[in-house]
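# Survey of secondary and tertiary structure
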Amino acid sequence: PPPPPPPPPPPFFIPHEPATPDPLWSRGLGDVYKRQSDGDPLDAILIMEHSLYPGTIIEVRVIGGIDMIDNGEKDPKVLVVPVNYKPTDHITNLNELDEYKFKQIKWFLLHYKDLENKKVEINGLYNKLEAESLYDSSVVKFKSQLTINT
């Protein structure tokens, strides 16, 4: 029998805003480099103690996600930690994330669009496997949209 298909590539994080250690900015909101089914980037929240510049690409590990509604539209967020980064090496799923840090992230997500008068809701959480599945489906969708000119 033919060998099984290779697994999807690891997620990469690309901040589109300055990712600073400010807890109210929840360590940076950026895009996992693949796209969701609605065409919007799959948003990721990087949990990290150091700053990154917009456009920096780092390998990350998905630990879970947040099921959100943003202005009436589904807008999930995946939570990621850097690979090979000592402060978060022990975090492999949401249950291992510091409770206070998680509260900061939820508060930020509920209020970051207040000045735009947009309603944001948190409907629930994705465990690690569900969040990885969300990422994997984004990879498939992104690859289906690629065209190669030869």
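Scroll up a little and you will see the structure.
Before going into details, it helps to say that this report is about the structure given with it. Owing to the predicted nature of the structure, the values given are computational and were not obtained by experimental measurement. (Residues numbered from 1 in each chain as written. Predicted model: local features only at pLDDT ≥ 70, side-chain atom pairs only at ≥ 80, totals over all residues. Heavy atoms only, no water.)

As a further point, take the overall build of the chain. Counting its regular elements, the chain contains two helices and seven strands. Every one of the 150 residues in the chain was classed for burial, and the buried ones make up 40%. (Helix = DSSP H or I, 4+ residues; strand = E, 2+ residues; numbered from the N terminus. Buried < 20%, exposed > 50% of the residue type's maximum accessible area, 1.4 Å probe, protein only.)

A separate point is the nonpolar core. Within the largest apolar cluster, 16 residues are counted, with the highest numbers of intra-cluster contacts made by Leu46, Met48, Ile58, Val78 and Val80. Where this core is concerned, the elements lending two or more residues are strand 3 (41–46), strand 4 (58–70), strand 6 (77–82) and helix 2 (128–145). Top contributing element to this core by residue count: helix 2, with four residues. Grouped together as the second largest cluster of nonpolar side chains are 15 residues, Leu79, Val81, Leu94 and Ile105 included. (Core = buried A, V, L, I, M, F, W, Y, C linked by side-chain atoms within 4.5 Å.)

Glancing now at the pattern of salt bridges. For the structure on display, the rule yields eight salt bridges. Residue lysine 119 pairs with glutamate 121 through a salt bridge whose shortest N-O separation is 3.7 Å. Given a relative accessible area of 57%, lysine 119 falls into the exposed group. Three or more residues are tied together by salt bridges with common partners; here these are Asp43, Asp75 and Lys77. (Salt bridge = Lys/Arg side-chain N within 4 Å of Asp/Glu carboxyl O.)

With that settled, consider the packing of aromatic side chains. Counted according to the given criterion, the structure contains one aromatic pair. When the ring of phenylalanine 108 is compared with that of tyrosine 112, the centres are 5.2 Å apart and the planes differ by 25°; the resulting orientation is stacked. A residue is classified by how much of its surface remains accessible, and phenylalanine 108, at 5% relative accessible area, is buried. (Phe/Tyr/Trp six-rings, centres within 6.5 Å; stacked < 30°, edge-to-face > 60°.)

This part takes up helix 1 (residues 99–111). Taking 1.5 Å per residue, 13 residues should reach 18 Å; helix 1 reaches 19 Å between its end C-alpha atoms and fits that length. Three or more residues of helix 1 are buried, namely Lys101, Phe102, Gln104, Ile105, Phe108 and Leu109. Down the axis of helix 1, the sector holding all buried residues measures 155°, keeping them to one side. Opposite the buried face of helix 1, at more than 90 degrees from it, the exposed residues are Glu99 and Tyr100. (Expected span 1.5 Å × (residues − 1). Arc of directions from axis to C-beta.)

Right, let's get into the side chain of aspartate 67. Along the chain, the position of aspartate 67 falls in strand 4. Within polar-contact distance, the side chain of aspartate 67 engages the side chain of lysine 74 at 2.8 Å. Setting aside its immediate chain neighbours within four residues, aspartate 67 contacts Lys74, Glu121, Ile122, Asn123, Gly124 and Tyr126. (Polar contact = N/O pair within 3.5 Å; in protein donor to acceptor, adjacent residues only side chain to side chain. Contact = heavy atoms within 4.5 Å.)

Next up on the list: the pairing of strand 4. Most of strand 4 is tucked away: 12 of the 13 residues are buried. By the bridge criterion, six bridges tie strand 4 to strand 6 in an arrangement that is antiparallel. Bridge pairing in strand 6 places arginine 61 opposite valine 81. Strand direction decides the pairing type here: strand 4 and strand 7 (residues 120–126), joined by six bridges, are antiparallel. Across the sheet, residue isoleucine 66 finds its bridge partner in strand 7, namely leucine 125. Pairing between strand 4 and strand 5 (residues 73–74): two bridges, direction antiparallel. The residue of strand 5 that forms the bridge with aspartate 70 is glutamate 73. Counted between consecutive antiparallel strands, the loop separating strand 4 from strand 5 contains two residues, among which asparagine 71 sits at a positive phi close to 55°. (Pairing = 2+ DSSP bridges.)

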